[in-house]
Amino acid sequence: MNDEDAAPGEDNHVAKVALYMETLQARMDPDQYGALAQALHEAFHLLAEGREGTIGSEDDSAFTPEMNREFATVLTILLTGKMDQQIVEVPGSDGHSGFVLMDPEEADDPAKVQEVRDFIDQWATKRKAVDIELDGIARASNPGIDD
């Protein structure tokens, strides 16, 4: 596949994102839409430049769960070109809840949904253990660190 072959697909993804953003703008509070659009703008630039980064502001409480879902939905459309993903709630073992976007066929399969939930729970448990270990290493390396 050459670059000429890739361009039409990428343009199609962008057109789908633009269409979805129009629907969001029509149904969202203007301030929420503005914050979401700004976060997506930052994410698109990071993706285009092949960089990693953190997207957010000092007041993350203004970014509602609905906005988080829409953020993920728009990124999914941009990356896959698919607009039919379904949001599936994923309760965490720590009491917090998250979500994943799944293809409709998988979202309708209880076994597949449970498999995804189990994977995320295992990943989160491992991540917490690594974070605790890294914190211990940091404290041992620099005893002046306060809690």
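Bear in mind the structure is a predicted one, so any value in this text is a computation, not a measurement. (Residues numbered from 1 in each chain as written. Predicted model: local features only at pLDDT ≥ 70, side-chain atom pairs only at ≥ 80, totals over all residues. Heavy atoms only, no water.)

**Brief notes about the overall build of the chain**
Thought 1: Per the secondary structure count, the chain includes five helices and two strands.
Thought 2: When the elements of the chain are put in sequence order from the N terminus, they spell out α-α-α-β-β-α-α.
Thought 3: In the chain, which comprises 147 residues, the proportion classed as buried is 22%.
Thought 4: Residue pairs at least 24 apart in sequence account for 49% of intrachain contacts in the chain once pairs closer than 6 positions are excluded. (Helix = DSSP H or I, 4+ residues; strand = E, 2+ residues; numbered from the N terminus. Buried < 20%, exposed > 50% of the residue type's maximum accessible area, 1.4 Å probe, protein only. Contact = heavy atoms within 4.5 Å.)

**Observations concerning the environment of Met-28**
Thought 1: Here Met-28 lies in the loop between α1 (3-27) and α2 (30-49).
Thought 2: A sequence separation of 38 residues divides Met-28 from Glu-66, and the C-alpha atoms of the two residues are 9.8 Å apart.
Thought 3: Residue contacts for Met-28: discarding those within four places in its chain leaves Tyr-33, Leu-36, Glu-66 and Met-67.

**Quick look at the side chain of Glu-70**
Thought 1: Along the chain, Glu-70 turns up in helix α3 (residues 65-80).
Thought 2: Classification of Glu-70 by relative accessible area gives buried; the value is 8%.
Thought 3: Engagement of the side chain of Glu-70 in a polar contact is seen with the side chain of Arg-27, the distance being 2.7 Å.
Thought 4: Setting aside chain neighbours within four positions, we find Glu-70 in contact with Tyr-20, Leu-24, Arg-27 and Leu-36. (Polar contact = N/O pair within 3.5 Å; in protein donor to acceptor, adjacent residues only side chain to side chain.)

**Considerations on the environment of Val-14**
Thought 1: With respect to the secondary-structure elements, Val-14 resides in helix α1.
Thought 2: Distance in space between the C-alpha atoms of Val-14 and Leu-79 is 9.3 Å, their sequence separation being 65 residues.

**Describing the confidence of the model for the chain**
Thought 1: In the predicted model, the chain carries a mean pLDDT of 83, and 84% of its residues have values of at least 70.
Thought 2: Here residues 1-8 is a poorly scored stretch, pLDDT under 50, and it has one contact once near neighbours within four places are set aside; other chains count. (pLDDT = per-residue confidence, 0-100.)

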